[in-house]
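An overview of the molecular structure
Listed below are the residues making up each chain.
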Amino acid sequence: TSPAATAPPTLRWLGLLLLLAVASATVLPWNLDAITSWDGFTAAWQRLSTYLAGFGAPDLSAPMLARCAWLAAETVAVALLGTTLGLVLAYPLALFATRAVLLGDEPHGRLGRALRRMGLELARFCLDALRGVPDFVWAIVLASITGINATTGVLAIAISVGGILGKVLSEQWDNVAPERYAALRSTGASRMAVFLYGVQPLAARATQSFVLMRLECAVRNASVIGVVAGGGLGAALWDEYTDGNWRRVATVLLALLTVTILTDLCANLVRRQLRVDPNHPRRRDRTSTRLN
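An account of the accompanying structure is given in this report. It should be emphasised that the depicted structure is a prediction, and the values quoted were computed from it without experimental measurement.

Conventions and cut-offs
Residues numbered from 1 in each chain as written. Predicted model: local features only at pLDDT ≥ 70, side-chain atom pairs only at ≥ 80, totals over all residues. Heavy atoms only, no water. Helix = DSSP H or I, 4+ residues; strand = E, 2+ residues; numbered from the N terminus. Buried < 20%, exposed > 50% of the residue type's maximum accessible area, 1.4 Å probe, protein only. Contact = heavy atoms within 4.5 Å. Areas by Shrake-Rupley, 256 points an atom, 1.4 Å probe, with all protein chains shown as cover. Core = buried A, V, L, I, M, F, W, Y, C linked by side-chain atoms within 4.5 Å. Lys, Arg positive; Asp, Glu negative; His and termini not counted. Salt bridge = Lys/Arg side-chain N within 4 Å of Asp/Glu carboxyl O. Polar contact = N/O pair within 3.5 Å; in protein donor to acceptor, adjacent residues only side chain to side chain.

This brings us to the overall build of the protein chain. Broken down by element type, the protein chain carries 14 helices and zero strands. The linear arrangement of helices and strands in the protein chain, starting from the amino end, is α-α-α-α-α-α-α-α-α-α-α-α-α-α. Within the protein chain, the fraction of its 292 residues that count as buried is 30%. A separation of at least 24 residues holds for 72% of the contacts in the protein chain among residues at least 6 apart in sequence. Total accessible area computed for the protein chain in this model is approximately 18000 Å², and 67% of it derives from carbon and sulfur atoms.

This next bit is on the nonpolar core. The biggest cluster of nonpolar side chains holds 31 residues, and the ones touching the most others in it are A156, I157, I225, L233 and V252. Secondary-structure elements contributing two or more residues to this core are α5 (62–96), α7 (109–132), α8 (135–146), α9 (150–174), α11 (191–229), α12 (232–243) and α13 (246–275). In terms of residues, this core owes the most to one element, α5, which gives eight residues. When sequence neighbours within four positions are dropped, the list of residues in contact with A156 reads D135, W138, A139, L142 and I225. Formed by eleven residues, the second largest nonpolar core is a distinct cluster that contains A94, L95, Y181 and F195.

Next up on the list: the side chain of D135. Locating D135 in the fold gives a position in helix α8. The buried charged residue D135 lacks any salt bridge partner; its closest oppositely charged side chain belongs to R214, at an N-O distance of 5.6 Å. One polar contact links D135 to N221, side chain to side chain, over a distance of 2.9 Å. Apart from the residues within four sequence positions on either side, D135 is in contact with A156, I157, S160, N221 and I225.

If you want it as structure tokens, here you go:
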């Protein structure tokens, strides 16, 4: 046998990853003037010094802080509404993309099962199409229809989040072992009843955690979408950047960082509550101790 055939799988994957990295490096159009020529290095250093000067003294005036606070609230509102609409879009598509819901184990006949299989693949194709286009691109496409406003950002996030959440929900529901809800099926419950009272509750904790993660990502993406869709911190960042007002650019970036940190903290608090199992024996022991 050759050495490559006897190499551990991890080494083979690392070797493949290295080859892909080398191939990627040869494809990209590199511009190394900033480090290969003195003039390029000087110009790059001057630009960096200008940026750092602005970041060293951000605009912390009351009007600017009030503006950033309002724009931050607008950014969070776009992310929340977009994620909510995305979840509403994802849920029915995820139902049709779940084998346990659409197919099940009941006999449907050859034609009935073929139609259900077509519906399953169609729903999965729709989810792939929705999540295959980045929300930033969706915003560019929708801007020609809805205009440059917050509505475009909400719809762009909703479409992208709908595809992502729909894919995750269907996979989480299909990953629930049938043995875990076999007792419910043995009672003669319908496939939808088995899903609502068996499959969905068993996968609820994992799906809720992922929805929180997508909400965190939506807050960050809403800032980027604001550059093309208008509104929020993204629009302000682009306006100040094009004007060359680096002090205000630093202020907007600090506001964006603050929003991101607060969003992560709030999501972690919710996750901590999701991880608490009231039926765990230690949990019951602590509860009885407090009552006594």
